[in-house]
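# Descriptive structure summary
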Amino acid sequence: MTVATEARAIAVEGLTKRYGQLTAVDDIYFEVPKGEIFGFLGPNGAGKTTTVKMLTGVSAPTAGKASVFGHDVVKDSFGAKELMGIVPDVSNAYVEYTAWSNLKFTGAMYGIPRKLTTARTVELLKRFDLYEKRKVKVKTYSMGMRRKLVIAMALINQAKILFMDEPTTGLDVQTVLDIRELIRELNRGGTTVFLTTHNLTEANALCDRVAIINHGKLIAVDTPENLKRAAENVQSVEVAFDRQPPEPVERLRSISAVAEVQKSGDKFRLLTGKPDTVVKAVARMAEEEGLNISFIDTPGPSLEDVFVQLTGISDATRTGGGQ
Amino acid sequence: MKGSALSPRRAWKEFRRALVIAVKDIRIYCLKPPVLLMGIIFPFFLFLAFYVGKKGPITEGIPGLVAIATFFAASNIAPVGMPFERLARTFERYLTAPITISWVVFGKTVAGFLFGTVISVIPLLVGIIWYGSAVSSLLVLIVATLLGALCFSCMGTLFATIPTDAPGNVMTVLNFIRLPVLFMSGVFVPLATMPGWARGLASVSPLTYMNDLLRSSLGLSRHYAVWLSLLILCLFTIAFYGVALWLFMISRKRM
């Protein structure tokens with residue numbers, strides 16, 4: 001996908017980062033149009049955080065270049081950073097400060113006038129349910145409260161582009177849903193979002209497009225649905241019985257069209273390229289064993305399946321996908 | 001020029017943000033135990049240990065007390081703050097904010113300078129008001145105090161480049177340097193009474209020149225000409241700051 005220069009929020013060309021002999025990010029290219037929610041996925045150590053660090057000016061690229069809204073992140077990092085809001089992977093608010101002071105400090109670091117910073121501080125603290133505790137030092141906050149504060153700090157400058165690294169990690173379900181809604185709302189208001197996540201459900205629910213990186217190389221950039229279509233050979237049959245058959249995994253794996261059996265709670269997920277053959281074989285097996293099928297489904301490939309197929313990670317090392 | 005690093009508008013923006021960092025550092029780190037202990041309590045008791053029971057007027061010791069207080073206070077903020085910032089990863093906030101590393105270093109240095117200046121005023125006022133130290137040159141007194149605080153703050157910034165997230169590690173190295181510097185600087189023993197080799201050693205310590213300037217400004221005997229002490233303190237300040245900035249730049253490139 002090529003985006004007109006004036007419509008680009010991010011343009012990455014041949015970006016590379018080496019630490020001695022290790023190539024953490026290897027000659028990657030991609031573009032993110034303005035107003036998109038762009039997901040950046042990959043297993044641990046794939047190069048996600050290194051890429052984000054280069055885009056946000058924390059780390060200098062070894063080769064290649066990147067720009068944010070036309071500002072080169074190396075040559076004009078000041079201009080690029082003025083347009084960014086950043087939620088890092090850790091909740092790095094000043095714990096000796098109150099939430100109020102943290103937001104005021106962040107506003108001052110972006111040169112926002114005091115009155116405006118105060119107004120935004122009040123608004124954000126209320127939005128994240130931190131207003132009542134605004135005068136309490138952050139060291140007494142729970143992990144979830146700190147996370148919310150760090151997100152609020154990233155929003156104080158009303159950035160044109162928001163870099164979010166695992167924004168919902170460690171939060172309760174309600175807050176996760178609130179933050180996803182917040183991301184959508186910001187995006188509707190025109191903010192471009194660069195979302196790094198392990199959570200494939202989140203990426204699937206939020207992102208217009210996703211990029212998958214592995215071993216420092218970009219292996220796919222497309223919409224979640226296009227990626228799923230490309231992985232249609234990864235189909236499956238999900239089945240549950242009213243009682244457990246003897247040696248169920250071995251029994252189901254013996255069905256000739258089944259490539260792999262995954263046990264998930266009381267269900268079995270049979271990966272196959274021929275779901276129709278497998279459904280019939282499972283029905284025959286149930287008949288022979290005197291079992292009743294309590295649930296059966298043939299779901300299409302999930303983004304997690306695509307991720308597993310493209311990155312080549314084994315099921316045992318899946319990176320928390322589908323959380 | 002509008003957006004370039006050299007434009008006055010941009011420099012003004014970054015200067016203000018550096019001051020925001022300085023104020024934040026003072027608010028957060030001046031009450032940290034290592035700062036209180038090594039920046040305020042230790043120099044005070046060290047002075048008491050040397051001057052209680054000593055013959056001669058206490059006013060002879062006031063310049064030394066002011067110099068020691070400034071030396072320890074100004075050089076303490078950055079070396080204590082930086083490891084905490086690395087540990088909590090709050091240092092990354094500067095790297096992602098619209099401010100260049102050179103201005104961040106400036107802000108950190110200003111914090112030490114302001115803290116050192118404020119702490120130096122306390123023994124100075126005690127000396128003048130309580131013990132009747134006479135100010136013979138207010139200008140030299142002010143310049144010596146400010147320049148000394150700046151020089152020692154730059155020294156602290158230099159030690160803050162040690163790449164560790166444990167404040168204790170930096171303090172160990174810092175005190176390994178600070179304590180010998182303190183004892184060879186003519187603060188406790190007048191330079192005139194020192195043997196030649198000791199005076200030679202004293203001449204490579206910035207504390208020697210601040211102490212000498214303070215003595216001069218409070219009407220006591222001095223060893224060096226005022227202009228020479230000022231010049232050498234300036235050179236130390238530039239050297240400390242230059243090397244600190246260079247080391248921060250190098251570590252930035254390695255990230």
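Worth saying up front: this structure is predicted, and the values here are computed from it rather than measured. (Residues numbered from 1 in each chain as written. Chains lettered and ligands numbered in written order. Predicted model: local features only at pLDDT ≥ 70, side-chain atom pairs only at ≥ 80, totals over all residues.)

In this section: the pairing of strand β3 (residues 37–41) of chain A. Residue and element names in this part refer to chain A. With respect to burial, β3 is a largely interior element, 5 of its 5 residues being buried. Side chains I37, G39 and L41 of β3 all project onto a buried face; the interleaved residues F38 and F40 project onto the opposite face, where all are buried too. Pairing analysis gives 4 bridges linking β3 to strand β8 (residues 192–196), with the strands arranged parallel. Each residue of the ladder has a partner; that of F38, found in β8, is F194. Of the strand pairs in this sheet, β3 and strand β9 (residues 209–214) are connected by 4 bridges, and their pairing is parallel. (Buried ≥ 20, exposed ≤ 12 C-beta atoms within 10 Å, placed from the backbone. Helix = DSSP H or I, 4+ residues; strand = E, 2+ residues; numbered from the N terminus. Pairing = 2+ DSSP bridges.)

When pLDDT is averaged across chain A, the result is 87; 93% of the residues are at 70 or more. Below pLDDT 50 for its whole length, residues 316–323 of chain A participates in 17 contacts with residues either more than four positions away or in separate chains. (pLDDT = per-residue confidence, 0-100. Contact = placed C-beta atoms within 7 Å.)

A separate point is the domain arrangement of chain A. Reports of interface size often rely on the accessible area that becomes lost once the parts have come together. All names here are of chain A. Segmentation of chain A into domains returns domain 1 (35–55 + 71–229) and domain 2 (232–314). Taking only C-alpha atoms into account, the centre of domain 1 sits 38 Å from that of domain 2. Broken down by secondary-structure element, the contributors of at least two residues to the side of domain 1 that touches domain 2 are α7 (200–206), β9, β10 (217–222) and α8 (224–230). The element that contributes the greatest number of residues to the side of domain 1 that touches domain 2 is α8, accounting for 4 residues. For the side of domain 1 that touches domain 2, the per-class residue count stands at 9 nonpolar, 2 polar and 2 charged. (Domains from an automatic or database assignment. Nonpolar A, V, L, I, M, F, W, Y, C, P; charged D, E, K, R; others polar.)

Moving on to the interface of chain A and chain B. Contact with chain A, which involves 24 residues of that partner, is made by 20 residues of chain B. Breaking the side of chain A that touches chain B down by element, the ones donating at least two residues are α2 (77–81), β6 (84–87) and α3 (99–109) of chain A. Each residue belonging to the side of chain A that touches chain B can be placed in one class, and the counts come to 14 nonpolar, 6 polar and 4 charged.

Residues and elements named next belong to chain B. Two elements in contact, helix α2 (residues 33–51) and helix α3 (residues 62–74), have axes whose closest approach is 8 Å; the angle formed by their N-to-C orientations is 155°. It follows that α2 is roughly antiparallel to α3 by the angle criterion. Like other packed secondary-structure pairs, α2 and α3 cross with a definite hand, here right-handed. In this structure, α2 uses M38, G39, I40, F42, P43, L46 and F47 to contact α3, whose residues at the interface are L65, I68, A69, F72 and A73. A class-by-class count of the residues in the contact of α2 with α3 yields 11 nonpolar, 1 polar and no charged. (Axes fitted to C-alpha atoms, helices over the stretch in contact; angles between N-to-C directions. Parallel < 35°, antiparallel > 145°, perpendicular 65-115°, else oblique. Left-handed = near helix turned anticlockwise from the far one by under 90°.)

We now examine helix α11 (residues 226–254) of chain B. Look at α11 of chain B: 42 Å from first C-alpha to last across 29 residues, which is about the 42 Å you get at 1.5 Å a residue. Within α11 of chain B, the full set of buried residues consists of S229, L233, F236, T237, F240, Y241, A244 and F248 of chain B. (Expected span 1.5 Å × (residues − 1).)

Below, the discussion takes up helix α5 (residues 143–155) of chain A. Residues and elements named next belong to chain A. Between its terminal C-alpha atoms α5 stretches 19 Å, which fits the 18 Å expected from 13 residues at 1.5 Å a residue. A large share of α5 lies buried, amounting to 11 of its 13 residues. Along α5, the residues that are buried comprise M145, R146, R147, K148, L149, V150, I151, A152, M153, A154 and L155. Check the buried side of α5 and you find it contacts β6, α3, α4 (114–127), β7 (161–165) and α6 (173–188).

All names here are of chain A. Here strand β1 (residues 8–19) pairs with strand β4 (residues 63–68) via 5 bridges, running antiparallel. Paired with T16 across the two strands is A63, which belongs to β4. Of the strand pairs in this sheet, β4 and strand β5 (residues 71–72) are connected by 2 bridges, and their pairing is antiparallel. Across the sheet, S67 pairs through a bridge with D72, a residue of β5. Following β4, the chain reverses through 2 residues before pairing antiparallel with β5; F69 in that reversal takes a positive phi of roughly 50°.

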